[in-house]
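A look at the structure
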Amino acid sequence: SQKIEQNSEALNIQEGKTATLTCNYTNYSPAYLQWYRQDPGRGPVFLLLIRENEKEKRKERLKVTFDTTLKQSLFHITASQPADSATYLCALGNSGGYQKVTFGTGTKLQVIP
Amino acid sequence: KAGVTQTPRYLIKTRGQQVTLSCSPISGHRSVSWYQQTPGQGLQFLFEYFSETQRNKGNFPGRFSGRQFSNSRSEMNVSTLELGDSALYLCASSFLAGEETQYFGPGTRLLVL
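First, a word on scope: everything that follows refers to the structure included in this document. (Residues numbered from 1 in each chain as written. Chains lettered and ligands numbered in written order. Predicted model: local features only at pLDDT ≥ 70, side-chain atom pairs only at ≥ 80, totals over all residues. Heavy atoms only, no water.)

**A look at unusual backbone geometry**
Where we set the bar: By the criteria applied, helices consist of DSSP H or I runs no shorter than four residues and strands consist of E runs no shorter than two, each listed in order from the N terminus. The rule is simple: take the accessible area with a 1.4 Å probe, protein chains only, and divide by the maximum for that residue type; under 20% is buried, over 50% is exposed, in between is partly exposed.
With an omega dihedral of -10°, the bond running from Thr7 of chain B to Pro8 of chain B counts as a cis peptide bond. One can find Pro8 of chain B in the loop between β1 (5-7) and β2 (10-13). The residue Lys71 of chain A is not glycine, and still its phi comes out positive at about 55°. Exposure remark for Lys71 of chain A: the relative accessible area of 29% places this residue in the partly exposed category. With phi around 75°, Ser72 of chain B is a residue other than glycine that occupies positive phi space. Its place among the elements puts Ser72 of chain B in the loop between β7 (64-68) and β8 (74-78).

What follows is the structure in C-alpha cells.
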C-alpha cells in the first residue's frame, strides 16, 4: 500500500539556519507533490507544488526538490525565523480525475531564537 | 474573498450519538473535500463532492457520509460515534473537482466521550 514518511516528528533549528525537511514515499508514482504549512488549531495552508518532471522549485525563502528515482522530496527553508515554526505536511497527488491526494503525518519545526 | 468556513469549531459528543458538520467553500468554488486528521494517522481523505455528487471516497466506514447542496455548501455526518472518531475534521475547497491546490478551512475539533 502507499506510504509516505516525513523524516521526523519534530525538528529544532537555530534561527538563521536552513531547515531541511524530508518526505519519502513508497508504492506510489505521484504526478505531483505538495508542501503545506499547518499552525496549531488551523487548517493546512498550501505552500508549493512540484510536478514529477520538475527537479526543483523555489518561492522566496522556500525551496523544494523532487527526486522520483529516490522517491524523495526535500523542503528547505533558508534563513529560518521563529515565525516559520509550524508543522509542515507533504502530500502526493495523481493527475486527472477527482481528489486523490495522500498526506504525510507532518514534521513539527521549531525555530529557536 | 472570504476563506473556507466550518461550523461548529468545537464539538463534544458521547459514544453512540451522531454529529453533523458544516463547510462553506470559498465563493465560486464548487468542489469540497473532507479529511480527518488525528495525531497517529495524519490527514486522511474522507470524500469529495462536486456539483452535489460524491466523486471520490476514502477508506472509511459507512457511518461517515456527506452531501453537498446546490450552493456548494457541504455537510458531513457521522452516525453512531465511536471514541476513535475524535479528531480534527477539515474541509477543503477548490474551483473544480480534483484540482491540485485546495484551500482548507480551520477545521472542527470533535471530541467523543
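**Topic: the pattern of salt bridges**
For the record, the criterion: The term salt bridge refers to a pairing of a side-chain nitrogen on Lys or Arg with a carboxyl oxygen on Asp or Glu at a separation within 4 Å.
Summed over the entire model, instances satisfying the criterion amount to 10 salt bridges over all chains. Note that Lys3 of chain A and Glu5 of chain A form a salt bridge whose closest N and O atoms lie 3.3 Å from each other. For Glu5 of chain A, a relative accessible area of 42% corresponds to the partly exposed category. Residues Glu56 of chain A and Arg58 of chain A are paired through a salt bridge, measuring 2.9 Å at the closest nitrogen-oxygen approach. With relative accessibility at 39%, the residue Glu56 of chain A sits in the partly exposed group. Owing to a relative accessible area of 57%, Arg58 of chain A belongs among the exposed residues under this scheme. Sharing partners across several salt bridges, the network here consists of Arg63, Glu82 and Asp85 of chain B.

**A short note on the state of the cysteines**
Residues and elements named next belong to chain B. Using the following cut-off: We call a pair of cysteine sulfur atoms a disulfide when they lie within 2.5 Å.
Enumeration over the complete set of coordinates arrives at 2 disulfides over all chains. Covalent S-S linkage joins Cys23 and Cys91, the inter-sulfur distance amounting to 1.8 Å. Disulfide Cys23-Cys91: the torsion about the S-S bond is 60°, which places it as right-handed. Of this pair, Cys23 sits in strand β3 (residues 19-24) while Cys91 sits in strand β9 (residues 87-94), and the two are 68 residues apart along the sequence. Given a relative accessible area of 0%, Cys23 falls into the buried group.

**Observations concerning the sheet that holds strand β7 (residues 62-67) of chain A**
Residues and elements named next belong to chain A. Operational definition: When DSSP finds two or more bridges between two strands, those strands count as paired. Axes here refer to lines fitted to C-alpha atoms; in helices the fit is confined to the stretch in contact. Angles between the N-to-C directions go from 0 to 180 degrees.
In spatial order, the strands read β1-β3-β8-β7-β6; together these 5 strands make up an open sheet with antiparallel pairing. Looking along the sheet, the strands with just one partner apiece sit at the ends: β1 (3-6) and β6 (56-59). Taking the axes of each pair of neighbouring strands and ignoring which way they run, one obtains an average angle of 15° across the sheet. Note that β1 and strand β3 (residues 19-26) share 4 bridges and pair antiparallel. When the bridges of β3 are listed, Ile4 appears paired with Tyr25.

**Observations regarding the interface of chain B and chain A**
To keep things clear, this is the line we draw: Here a residue-residue contact requires only that any non-hydrogen atoms of the pair lie within 4.5 Å. Buried area: the accessible surface (1.4 Å probe) lost by two parts on joining, summed over both. Distance and chemistry together define a polar contact, namely a pair of N or O atoms within 3.5 Å, with one atom able to donate a hydrogen and the other to accept it when in protein, and with adjacent residues in sequence counting only for side-chain atoms on both sides. Any residue outside Ala, Val, Leu, Ile, Met, Phe, Trp, Tyr, Cys, Pro, Asp, Glu, Lys and Arg is labelled polar, Gly included; the first ten of those are nonpolar and the last four are charged.
Listed per partner, the contact involves 23 residues of chain B and 19 residues of chain A. For the chain B and chain A pair, buried surface summed over both sides reaches about 1,700 Å², with 50% attributable to carbon and sulfur atoms. Considering only the surface of chain B that becomes buried against chain A, Leu43, Glu100 and Phe104 of chain B emerge as the three largest contributors, covering 32% of it. On inspection of chain B and its partner chain A, the count reaches 1 salt bridge. Ionic pairing is found between Glu100 of chain B and Arg51 of chain A, a salt bridge with its closest N-O pair at 2.6 Å. Between chain B and chain A we count 5 residue pairs in polar contact (both at pLDDT 80 or more) in total. Among the elements that make up the side of chain B that touches chain A, the one with the highest residue count is strand β5 (residues 42-50) of chain B (4 residues). Its residues assigned to classes, the side of chain B that touches chain A shows 8 nonpolar, 10 polar and 5 charged.

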